[in-house]
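# Structural features, examined
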Amino acid sequence: MAETMVQAESLVKIYKTKETEVLALQGLDLVIEEGELTAIIGNSGSGKSTFLNMIGGLDRPSAGSLQVGGKNLFTMTEKELVLYKRDTVGFVWQNNGRNLLPYLSAVENVMLPMCLSDTKKRHDKAMELLEMVGMGHKKHSRMNMLSGGEQQRVAIAIALANSPRLLLADEPTGSVDMKTANYIFDVFSELNKNGQTILIVTHDVALSKKVKRVVAIRDGKISSERVLKEAYADRLQESSIDWRQEETQDEYVIVDRVGRVQIPADLLQAISLSDNKVSVGLHDGKIVISNPTQKD
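### Observations concerning a nonpolar patch on the surface
On the surface, a cluster of nonpolar side chains totalling about 710 Å² of accessible area is made up of Val253, Val255, Val261, Val278, Val280, Leu282, Ile287 and Ile289. When residues of the nonpolar patch are traced back to their parent elements, those giving at least two are β12 (279-283) and β13 (286-290). By the element assignment, Val280 lies in strand β12.

And the structure:
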């Protein structure tokens, strides 16, 4: 039975300024098991990047509970947090300049994080990782000699340098073309098959439709989940599938701890509400939500 990698309960994050407070997360609940490849989607300002930063140890929660790999991020000292960021999580950014040093070669970039740990044979490990992401032949190339997609693959190798239990990717295909995006997803997919737990934040529709589990965040809470249909599970690399257009996943609305749900906006529009009230009833074993002003 898989162990729990991420467990968030009633997670709250408040950003304060002199003039105002912003509630970025409003009681978010989520469990991610070890070995999962999960995508998080949501509109700008929904809280998805805030959540990713807290899992990565880059930001502190305001309230609730957050455990990653059995470690409680609320009770960590600053020293423990440094070790956590070094050993437990690896980050891949949309702006790969945050991972890469332009004056070093690809293999030197990948070796650099290992200098901070007890890892031996750094060069061999770096080459193994570069081969894994298809960049072994560019090991001596500096970053200005590589395309954006090639730099992103090197950045993935760097994120894996210290063998993190959890790989975090923030818009990893956001600045590359479709062909490169497909290749990057294939790298993530292969890593996941080998047991790597991966959490991706993305706006990429095609990428999100290939992932077996997609979590949608709206207004700081989990609003729905999508699960890949069995018919598509073994067809992820088929070029004949239009991943942007086909309905590859089943969608489920999430019920929170006190029975609240976030109803998709298009469904609410379809019943033409005049205010914020709905009727809820039980009919033939089904919960039915309807416009109270409309008669049967």
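### Brief notes about the side chain of Glu36
Looking at the element boundaries, Glu36 is found in the loop between β2 (21-33) and β3 (37-41). Side-chain polar atoms of Glu36 contact the backbone nitrogen of Glu33, separated by 2.7 Å. Within polar-contact distance, the side chain of Glu36 engages the side chain of Thr38 at 3.3 Å. Not counting chain neighbours up to four residues away, the residues in contact with Glu36 comprise Val31, Asn192, Gln196, Thr197, Ile198 and Arg213.

### A short note on the packing of helix α5 (residues 148-159) against helix α6 (residues 178-193)
Between two packed helices, what matters for the description is the angle formed by their axes and the separation of those axes. Running from amino to carboxyl end, α5 crosses α6 at an angle of 15 degrees, the nearest separation of the two axes being 10 Å. Here α5 lies roughly parallel to α6, going by the angle between them. The hand of the α5/α6 crossing is right-handed. Packed against α5, whose contacting residues are Gly149, Gln152, Arg153 and Ile156, the element α6 presents Thr180, Tyr183, Ile184, Val187, Phe188 and Leu191 at the interface. Class assignment of the residues belonging to the contact of α5 with α6 gives a composition of six nonpolar, three polar and one charged.

### Here's the deal with the packing of aromatic side chains
What the rule picks out here adds up to two aromatic pairs. Centre to centre, the rings of Phe91 and Trp93 are 4.3 Å apart; their planes meet at 5 degrees, and the pair counts as stacked. Exposure class is identical for Phe91 and Trp93. Each is buried. One residue, Lys13, lies across the ring of Tyr15, its end atom 5.0 Å from the ring centre.

Rules used throughout
- Residues numbered from 1 in each chain as written.
- Predicted model: local features only at pLDDT ≥ 70, side-chain atom pairs only at ≥ 80, totals over all residues.
- Heavy atoms only, no water.
- Patch = residues over 30% accessible without salt bridge, like charges linked within 9 Å, V, L, I, M, F, W, Y side chains within 5 Å.
- Areas by Shrake-Rupley, 256 points an atom, 1.4 Å probe, with all protein chains shown as cover.
- Salt bridge = Lys/Arg side-chain N within 4 Å of Asp/Glu carboxyl O.
- Helix = DSSP H or I, 4+ residues; strand = E, 2+ residues; numbered from the N terminus.
- Polar contact = N/O pair within 3.5 Å; in protein donor to acceptor, adjacent residues only side chain to side chain.
- Contact = heavy atoms within 4.5 Å.
- Axes fitted to C-alpha atoms, helices over the stretch in contact; angles between N-to-C directions.
- Parallel < 35°, antiparallel > 145°, perpendicular 65-115°, else oblique.
- Left-handed = near helix turned anticlockwise from the far one by under 90°.
- Nonpolar A, V, L, I, M, F, W, Y, C, P; charged D, E, K, R; others polar.
- Phe/Tyr/Trp six-rings, centres within 6.5 Å; stacked < 30°, edge-to-face > 60°.
- Buried < 20%, exposed > 50% of the residue type's maximum accessible area, 1.4 Å probe, protein only.
- Lys NZ or Arg CZ within 6 Å of the ring centre and 35° of its normal.

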